[in-house]
Amino acid sequence: MLAAGAVSKRIGSRWILHRVSLSVPDGQVLGLFGPNGAGKTTLLRILALLARPTEGQVVLRPAGHGERLLEGPALRAHLGFLGHESYLDPRLTARENLSFYARLYDVPQSDRRVDELLDQVGLALFAHEPVRTFSRGMVQRLAMARTFLHRPSLLFLDEPLSGLDAQGAVVFEALLGEARAARASAVLVSHDVAAGWRLADRVAVLAGGELVLEGPASEIGPDRVQAEYRARAQSAERSRAAWSASHGRSA
Amino acid sequence: MVRFARKVGLIAFRELQAEARTKEAFVAMLVFALLVAVVFSFALNPGREAREEIFPGLLWVTFFFAGLLGLGRSFAGDRGFEPLGGLLLAPVDRAAIFFGKAAANLVLVGIVELAALPVFSAFFDIRLPLSDGRLWASLVLGTLGFILGGTFMAALAANARAAELLLPLLLFPVLVPVVIAAVQTTGGVLARALTEELAFGYRILVVYTVVFLAAPWLLFEYLLES
């Protein structure tokens, strides 16, 4: 289970997030949508403990650990983060990258797990090639393998389908399905509302740093998410135009 | 503690393994150190006594500038990859990240120093007392202090814009005690000074090293978070 309570983040004088509260029970995926600059990536980084909130708190409780609160390295062992950066070393081969993370996370039978994942993401043939020779899609597949390598129970996925072809998307869905079956909780950020909604149990829309819509995916369809999304984007555009008109320069 | 040491070893090994593939930082450091030896030996052309006086200073300044080329890359990742983010997410103590990076830097700079030392000795015609343990103590403590302080400052500069420009500005003021003490002890050994005369310099090197061994345990967590 993961939860954010009234999380706010200020960078300089600008509030990026304003009192965002949400929770994701074990075994569920929250689809997080919103226009550019809504604060989705910042929220995800705060939830994954990569950034500190200015106000509010984050509670992360990996499945199977009851009410016990973990922190520090013990908690990070249960987190999986797939973001804009691959967190791979381009100078090393695909296998060396995964082996390094497997040892860092103390993954049991690490060699076998690495082979299994390389095979699953379709990179077994390129296992001994340096990552810097990979295409964008291949890097994303390897980053996906890195994310799921240690079987995390709290997943943070920022545009996970970006750069993936249809087959890559199928592999991602299979890996997410396995994690969900093992009662992992996930927050999935996507610009593709239809694809993100299909994978989500709950949906939320973030706009201007505030949570403007949240509920079960069965009750909030992709059309409503799209409509909210569009309305917020238009409202932001109108604000920008009004600001430009009153200040005589572009916002 | 064994677990901590294992993670430090893993991170250091990964750094060295990656550097061994491209040798970008290592070759730059080595070529820079050798070029300085050649250029200054022709440019200065001093007499015997002046040579002995400037040799320790020139040696250490060269090591520090050469090392800086490698330190600047410690926490910088290629765009779209950012391997440091993976370490921050991993179940390892933040201090293990620091010591892993520092250990890898120490190995690289140590190799460059060992390769450059005989070249400097030959070009400046200075016979190094290699059997004198005090010379090695000066080299090891000076390098250790430089690497620990340098790795710490490289982490501090990593989140800033133009990190590679900022690093020398942050690092050199902090390095002043090491520069003075390393030059003083190395120079003293070459001039066959008594050990008692060099004791203060060695003490500064030891204290500096201890400070930068302790600082990451207390501060590194905050240094890397945004």
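Use the structure listed above.
Colleague: Explanation requested: the packing of aromatic side chains in the structure shown.
Modeller: To describe a pair of aromatic rings, you give the distance between the ring centres and the angle between the ring planes. Inspection of every chain in the model, using the stated rule, returns 22 aromatic pairs over all chains. A ring pair is formed by F126(A) and F134(A), whose centres lie 6.5 Å apart and whose planes are at 75°; its orientation type is edge-to-face. Each ring, one from F152(B) and one from F212(B), has its centre 5.7 Å from the other, and the planes form 65°; the classification is edge-to-face. Placement of the pair is F152(B) in helix 6 (residues 133-158) and F212(B) in helix 8 (residues 195-224), with a sequence separation of 60 residues. For the pair formed by F152(B) and F212(B), the shared burial category is buried. Linked through ring pairs, F4(B), F75(B), F98(B), F99(B), F152(B), Y208(B), F212(B), W217(B) and F220(B) together constitute an aromatic cluster. Lying across the ring of F75(B), K101(B) places its NZ or CZ 5.3 Å from the centre.

Colleague: Explain the packing of helix 5 (residues 94-123) of chain B against helix 6 of chain B here, please?
Modeller: All names here are of chain B. Contact geometry of helix 5 with helix 6 gives a least axis separation of 9 Å together with a crossing angle of 135°. In terms of orientation, helix 5 lies oblique with respect to helix 6. In the crossing of helix 5 with helix 6, the sense of the turn from one axis to the other is right-handed. Judged by residue contacts, F98, F99, K101, A102, N105, L106, V109, E113, L114 and L117 of helix 5 engage W136, L139, T143, L144, I147, L148, T151 and F152 from helix 6. Of the residues assigned to the contact of helix 5 with helix 6, the class counts are 13 nonpolar, 3 polar and 2 charged.

Colleague: Would you take a moment to explain helix 8 of chain B for this structure?
Modeller: Side chains three or four residues apart in an α-helix point the same way, a direct result of the helix having 3.6 residues per turn. All names here are of chain B. For helix 8, with 30 residues, the first-to-last C-alpha span of 41 Å sits near the 44 Å given by 1.5 Å per residue. The axis of helix 8 is deflected most strongly, by about 55°, at L218. Along helix 8, the residues classified as buried are L198, G201, Y202, L205, Y208, T209, F212, A215, P216, F220, L223 and L224. Residues of helix 8 that are buried sit in contact with helix 4 (83-89), helix 5, helix 6 and helix 7 (163-190).

Colleague: Just to check I follow, could you spell out the sheet that holds strand 8 (residues 202-207) of chain A for this structure?
Modeller: Paired through backbone hydrogen bonds, the strands of a sheet run either parallel or antiparallel to each other. Residue and element names in this part refer to chain A. The strand order across the open sheet built from 6 strands is 5-6-7-3-8-9, with neighbouring strands paired in mixed fashion. Of all strands in the sheet, those bounded by a partner on one side alone are strand 5 (79-82) and strand 9 (210-216). Across the sheet, the axes of successive neighbouring strands diverge by a mean angle of 15°, strand direction being ignored. Packing against the sheet, helix 5 (residues 136-148) makes contact with strand 5 and strand 6 (154-158), and its axis sits at approximately 170° to strand 5. Across the face of the sheet, helix 6 (residues 166-181) comes into contact with strand 3 (29-33), strand 5, strand 6 and strand 7 (185-189) while running at roughly 155° to strand 6.

Colleague: Even after reading the chapter, I still don't get the interface of chain B and chain A, so can you show me in this structure?
Modeller: It is common to give the size of an interface as the accessible area lost on bringing the parts into contact. Counting residues at the interface gives 30 residues for chain B and 31 residues for chain A. Summed over both sides, the interface of chain B with chain A buries roughly 2900 Å², with 55% coming from carbon and sulfur. Linking chain B with chain A are 5 salt bridges. With a closest N to O distance of 2.3 Å, D106(A) and R6(B) form a salt bridge. For the side of chain B that touches chain A, the secondary structure elements donating two or more residues are helix 1 (2-22) and helix 4 of chain B.

Colleague: Explain the sheet that holds strand 1 (residues 2-11) of chain A to me, please; I cannot follow it from the model alone.
Modeller: All names here are of chain A. If you walk across this open sheet you meet the 3 strands as 2-1-4, and the pairing is antiparallel. Each of the sheet's edge strands pairs with one partner strand only, and the pair in question is strand 2 (14-24) and strand 4 (55-60). The mean angle between the axes of side-by-side strands here comes to 20°, regardless of whether they run parallel or antiparallel. By the bridge criterion, 7 bridges tie strand 1 to strand 2 in an arrangement that is antiparallel. For R10, the partnering residue across the bridge sits in strand 2 and is W15.

Colleague: Please clarify how the environment of L50(A) should be interpreted in this entry.
Modeller: Take L50(A): it is sitting in the loop between helix 1 (40-47) and strand 4. With 31 residues separating them along the chain, L50(A) and F81(A) place their C-alpha atoms 9.8 Å apart.

Colleague: Can you walk me through the side chain of T209(B) in this structure?
Modeller: Residue and element names in this part refer to chain B. Looking at the secondary structure, you find T209 in helix 8. With relative accessibility at 5%, the residue T209 sits in the buried group. Among all residues touching T209, those that are not within four sequence positions of it are L141, L144, G145 and L148.

Colleague: How do you make sense of unusual backbone geometry when you look at a structure like this?
Modeller: Note: most residues except glycine have negative phi, and most peptide bonds are trans. Residue and element names in this part refer to chain A. Residue L49 is not a glycine yet carries a positive backbone phi of 65°. Position of L49 among the secondary structure elements: in the loop between helix 1 and strand 4. Phi is positive for D106, close to 55°, though the residue is something other than glycine. Mapped onto the fold, D106 is located in the loop between helix 3 (94-104) and helix 4 (110-120).

What counts and what doesn't
- Residues numbered from 1 in each chain as written.
- Chains lettered and ligands numbered in written order.
- Predicted model: local features only at pLDDT ≥ 70, side-chain atom pairs only at ≥ 80, totals over all residues.
- Heavy atoms only, no water.
- Phe/Tyr/Trp six-rings, centres within 6.5 Å; stacked < 30°, edge-to-face > 60°.
- Helix = DSSP H or I, 4+ residues; strand = E, 2+ residues; numbered from the N terminus.
- Buried < 20%, exposed > 50% of the residue type's maximum accessible area, 1.4 Å probe, protein only.
- Lys NZ or Arg CZ within 6 Å of the ring centre and 35° of its normal.
- Axes fitted to C-alpha atoms, helices over the stretch in contact; angles between N-to-C directions.
- Parallel < 35°, antiparallel > 145°, perpendicular 65-115°, else oblique.
- Left-handed = near helix turned anticlockwise from the far one by under 90°.
- Contact = heavy atoms within 4.5 Å.
- Nonpolar A, V, L, I, M, F, W, Y, C, P; charged D, E, K, R; others polar.
- Expected span 1.5 Å × (residues − 1).
- Bend = angle between axes of the 7 residues up to and from the residue.
- Pairing = 2+ DSSP bridges.
- Buried area = accessible area lost by both parts, 1.4 Å probe.
- Salt bridge = Lys/Arg side-chain N within 4 Å of Asp/Glu carboxyl O.

On their own, these measurements won't tell you what the molecule is for.
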